[in-house]
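Summary of structural features
Now for the letters of each chain:
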Amino acid sequence: QVQLVESGGGTVQPGGSLRLSCRGSDSLSQFAAMAWFRQTLDNRRERVAVITTEGGSKYLDSVKGRFSISMDNAENTVHLQMNNLDPVDTAVYYCNTYSSQLNWGQGTQVTVSS
């Protein structure tokens, strides 16, 4: 099974930016769609952004216009560019297929705080 490793998290002030990366141990383009999820402090896991192999994307309403998902097939990597971050974006971020069919990685912590 493809293994996933997330990176790029950190602590930023409100309004700041981060770029998350998720590298697969094998090609991610074999899956119809990849997604970024986040697990909040109250243990809710929500799907934040989705990208299909055709390049289409969808976003959680609360991140539209601020987050952008992209895929680098040559590097087996999915990125999440996060701009204008807000404290409500604080969470552990994970990637997986749209239907979360792979084992979860360790995630990457994003903290937005002044």
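Attention here is on the structure that accompanies the text.

About the criteria used
Residues numbered from 1 in each chain as written. Predicted model: local features only at pLDDT ≥ 70, side-chain atom pairs only at ≥ 80, totals over all residues. Heavy atoms only, no water. Helix = DSSP H or I, 4+ residues; strand = E, 2+ residues; numbered from the N terminus. Polar contact = N/O pair within 3.5 Å; in protein donor to acceptor, adjacent residues only side chain to side chain. Contact = heavy atoms within 4.5 Å. Disulfide = S-S within 2.5 Å. Buried < 20%, exposed > 50% of the residue type's maximum accessible area, 1.4 Å probe, protein only. Pairing = 2+ DSSP bridges. Axes fitted to C-alpha atoms, helices over the stretch in contact; angles between N-to-C directions.

Side note on the side chain of His79
- Within the fold, His79 resides in strand β8 (residues 77–82).
- Among the polar contacts made by the side chain of His79, one reaches the side chain of Arg19 at a distance of 3.5 Å.
- Beyond its immediate sequence surroundings of up to four residues, His79 is in contact with Arg19, Leu20, Ser21, Trp36, Ser68, Ile69, Ser70 and Asp72.

Brief notes about the state of the cysteines
- Tallied over the entire structure, the rule returns 1 disulfide.
- Disulfide partner of Cys22: Cys95, at an S-S distance of 1.7 Å. In this pair, Cys22 sits in strand β3 (residues 18–24) while Cys95 sits in strand β9 (residues 91–97), placing the two residues 73 residues apart along the sequence. The exposure classification of Cys22 matches that of Cys95, with both residues buried.

As for the sheet that holds strand β1 (residues 4–7)
- Here 4 strands make up an open sheet; going across it, the order is β1-β3-β8-β7 and the pairing antiparallel. Unpaired on one side and paired on the other, β1 and β7 (67–72) mark the two borders of the sheet. Going across the sheet, the axis of each strand differs from the next one's by a mean of 15 degrees, ignoring polarity.
- Relative to β3, β1 runs antiparallel, the two sharing 4 bridges.

Side note on unusual backbone geometry
- Of note, Asn76 is a non-glycine position whose phi angle comes to about 50 degrees, a positive value.
- Turning to its location among the elements, Asn76 is positioned in the loop between β7 and β8.
- Located in the positive-phi region is Asn84, a residue other than glycine, with phi close to 50 degrees.

Quick look at the side chain of Thr108
- One can find Thr108 in strand β10 (residues 108–112).
- A relative accessible area of 9% places Thr108 in the buried class.
- Of note is the side chain of Thr108, whose polar atom sits 2.8 Å from the backbone nitrogen of Gly9.
- Discounting residues that sit within four places of it in the chain, Thr108 has contacts with Glu6, Ser7, Gly8, Gly9, Leu20, Ala91, Val92 and Tyr93.

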